[in-house]
Amino acid sequence: MPATLEQLRRIKCTYKDCFESFDTEKAMKSHKKYSDEHDYCHRCDEDYEDHDSYAFHKITKPEIHGKACRVCGEEFKSESGLKRHIELNHKIDQRLTCIGCRQSFYRACLFIEHLEFGHCSVISASQFQGHIVHKHLINEYLKGDEKYQRFQQKQAKFEAALDPEEEGGIELDGDALEDDEEIEEVKYEAIKPEVQPDMLLPPAAAGVPFPPLPSQMRSASVTKSNLASTLSHMSINGEESEASAVVNSPIVSPLIDIPASPGSRDTSNHQVSIHGSMTTSSTRQLKPWGSRDGKSASSVLFPNAKSTPAPSEFSIAAYDHKMEEQHGLNIMNTRFWDPHSTDFNPERFYDSISCKYYCPFVCEQARDTPADLSNHINHDHRIARMKCPMCLKYFKSATALMAHCESRGARCEINKTDDFGVFLDRLSGGFLGVEEKVRPDHLNNPSALVHNTETGRMERYVPPKASYLQYMVTKPPDWKEPVTTTKVVGGFLNMQRGLW
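Every value quoted in this text rests on a predicted model; they were computed, and no experiment measured them.

Engineer: Which residues make up the side chain of His376, and what values go with them?
Structural biologist: Inspection of the secondary structure puts His376 in helix H14 (residues 370-380). Within the structure, the side chain of His376 is placed 3.4 Å from the side chain of Arg367, a separation counted as a polar contact. Side chain to side chain, His376 and Asp380 meet in a polar contact 2.6 Å long. Among all residues touching His376, those that are not within four sequence positions of it are Cys359, Cys363, Gln365, Arg367 and His381.

Engineer: Account for the pattern of salt bridges, naming residues and giving values.
Structural biologist: Opposite charge on two side chains lets them pair, provided their charged atoms get close. For the coordinates displayed, the defined rule picks out 16 salt bridges. The partner of Arg107 in a salt bridge is Asp93, and the shortest N-O contact between them spans 3.1 Å. Separated by 14 residues along the polypeptide, Arg107 in the loop between strand S8 (104-105) and helix H5 (108-116) and Asp93 in the loop between helix H4 (79-89) and strand S7 (96-97) bring together distant segments of the chain. Several salt bridges share partner residues, and in doing so they unite Glu25, Lys29 and Asp45 into one network.

Engineer: Please give an account of the nonpolar core that cites residues and values.
Structural biologist: In terms of nonpolar packing, the biggest core is built from 32 residues, with Phe111 and Met402 touching the most fellow members. Where this core is concerned, the elements lending two or more residues are H5, helix H6 (125-141), helix H15 (398-406), helix H16 (420-427) and strand S19 (467-473). If one sorts the elements of this core by residue count, H5 sits on top with five residues. If near-sequence neighbours (up to four positions away) are discounted, Phe111 is found in contact with Leu96, Cys98, Phe105, Phe431, Leu432 and Val473.

Engineer: So what's going on with the pairing of strand S17 (residues 448-451)? Residues and values would help.
Structural biologist: Here S17 shows one buried face, formed by Ala448 and Val450, and one open face, formed by Leu449 and His451. Here S17 pairs with strand S18 (residues 458-461) via four bridges, running antiparallel. Note that in S18 the partner of His451 across the bridge is Met458. Linking S17 back to S18 in an antiparallel pair, the connection comprises six residues, with Gly456 at a positive phi of about 75 degrees.

Engineer: Tell me what's going on with the packing of aromatic side chains, and back it up with residues and numbers.
Structural biologist: Enumeration according to the criterion identifies eleven aromatic pairs in this entry. On the numbers, 6.2 Å between centres and 65 degrees between planes, the contact of Tyr141 with Tyr148 is edge-to-face. The exposure class assigned to Tyr141 is buried, which follows from its relative accessible area of 3%. Considering the side-chain rings of Phe151 and Phe349, the 6.0 Å spacing of their centres and the 50 degrees angle between planes classify their relative orientation as tilted. Taken together, the residues span a long stretch of sequence, with Phe151 in helix H7 (residues 147-154) and Phe349 in the loop between helix H13 (316-327) and strand S11 (350-351) at a distance of 198 residues. Here Phe151 and Phe349 have matching classes, each one buried. Members of the aromatic cluster, joined through ring pairs, are Tyr141, Tyr148, Phe151, Phe336 and Phe349. Across the ring face of Tyr394, the terminal group of Arg385 is positioned such that the distance to the ring centre comes to 4.0 Å.

Engineer: Outline the environment of Val438, supporting the account with residue identities and numerical values.
Structural biologist: Turning to its location among the elements, Val438 is positioned in strand S16 (residues 432-438). When the C-alpha positions of Val438 and Ala466 are compared, they lie 6.1 Å apart, and in sequence the two are 28 residues distant. Contacts of Val438, omitting those with residues within four sequence positions, involve Leu443, Lys465, Ala466, Ser467 and Tyr468.

Engineer: If you had to explain the state of the cysteines to someone new, which residues and values would you point to?
Structural biologist: Applying the stated rule across the entire model yields zero disulfides. Free cysteine: Cys120, not disulfide-bonded; nearest cysteine sulfur from Cys98 at 3.8 Å. Owing to a relative accessible area of 1%, Cys120 belongs among the buried residues under this scheme.

Engineer: Outline H4, supporting the account with residue identities and numerical values.
Structural biologist: The set of residues buried in H4 consists of Leu82, His85, Ile86 and Glu87. Turning to H4, the residues buried within the fold contact strand S5 (67-68) and strand S6 (75-76).

Each value, and the rule that gives it
Residues numbered from 1 in each chain as written. Predicted model: local features only at pLDDT ≥ 70, side-chain atom pairs only at ≥ 80, totals over all residues. Heavy atoms only, no water. Helix = DSSP H or I, 4+ residues; strand = E, 2+ residues; numbered from the N terminus. Polar contact = N/O pair within 3.5 Å; in protein donor to acceptor, adjacent residues only side chain to side chain. Contact = heavy atoms within 4.5 Å. Salt bridge = Lys/Arg side-chain N within 4 Å of Asp/Glu carboxyl O. Core = buried A, V, L, I, M, F, W, Y, C linked by side-chain atoms within 4.5 Å. Buried < 20%, exposed > 50% of the residue type's maximum accessible area, 1.4 Å probe, protein only. Pairing = 2+ DSSP bridges. Phe/Tyr/Trp six-rings, centres within 6.5 Å; stacked < 30°, edge-to-face > 60°. Lys NZ or Arg CZ within 6 Å of the ring centre and 35° of its normal. Disulfide = S-S within 2.5 Å.

Here's what the structure looks like:
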């Protein structure tokens, strides 16, 4: 059956790729307004090629479209409503990479879930739990009350028993030689050198001027030309030559006046003695700053000196060990309380009077053996649930609390507080940090001239900018690089979990 052709109507759609036609202009505008294929502004009666240009038009016309969204173009009456809409509907994906297995995540709660439930092949769930416990313990000690003083008392006996000195002995107050009066009366003669030095006296001590500098070579060349005629009438032996006996010839004195260079400070003429100048110049040695045949000045001045060895590389471990000997245990980057860590030493909290091991946490319980102390730390000081400090809700896991904090549209505004970064650091065990940034699609918002009805003037209007929270993966201060072990099982390599 042949297709039937519809008769073209009087008014065609204004879009080039649309072939619809209508009887009235009102019907055509209604078609463009409700069609998903057209980006048409029915208030301004303007057509746009794509959705981005349509949304761009809305944000530059606040007197007509109010506070419009830069992403979808939805209109709002207030700026707070616009920002809430962007936070709920236009979230920006994060780029979080695990420092253990290098797996990437686009949400902070998914990254915390990866660590908390043991999905990471390098960082175990117990290790992540230990980082969180360490943060809470340090927070309790740094509150400024008597808790940290009590912690120092628990390990005071262990610190007193340490002796970093290897040589031993005692140090005397003062020097016994300084108190002996007979030594002060003894007078010693100065030691004389056995061999006289062969070094010649410097030119200044020998009465000979220093050679001219390069800046004075021009004046020296003028002086040489002036002295050429004078020296030709003189004898080396100090006797007058035959030319001096010639009629009307000038009599030359043994001292010759040399005019100073124009750039010199001394304006008086210099006198140079002719007698003995030839013998002194012949025995003069070259200066180290002169011709050295490519050698450095230090090698010419001190030929037998040994080269200074290059400084050794700075070792953080050696520096921490030295600071621990001088100032005691560093509780910030040391897992002194964790039985699963190599930093744990139960003898540090042993009381020799009561013969018991005190708990390193903020509790006064003591155990008889190190095994009982480890069992007490692993069970009684494990964090079972977490609490939001803003809305006071309890959560069974760190993942649930992180999802609660990451949802900016919720009633709780914990993520808008000034110390949210501190709380996030304690929540994640030091694995996450946060920074508030402007959305990338709001960085280059255009400005437009808008008529102000109150002042009656044209003023420049800048659309509001929305921000978001950029999470970043960080390393905890007590982090230690894991040491991976390999084991061959059936001819295949089996990578074991990292050990701390």
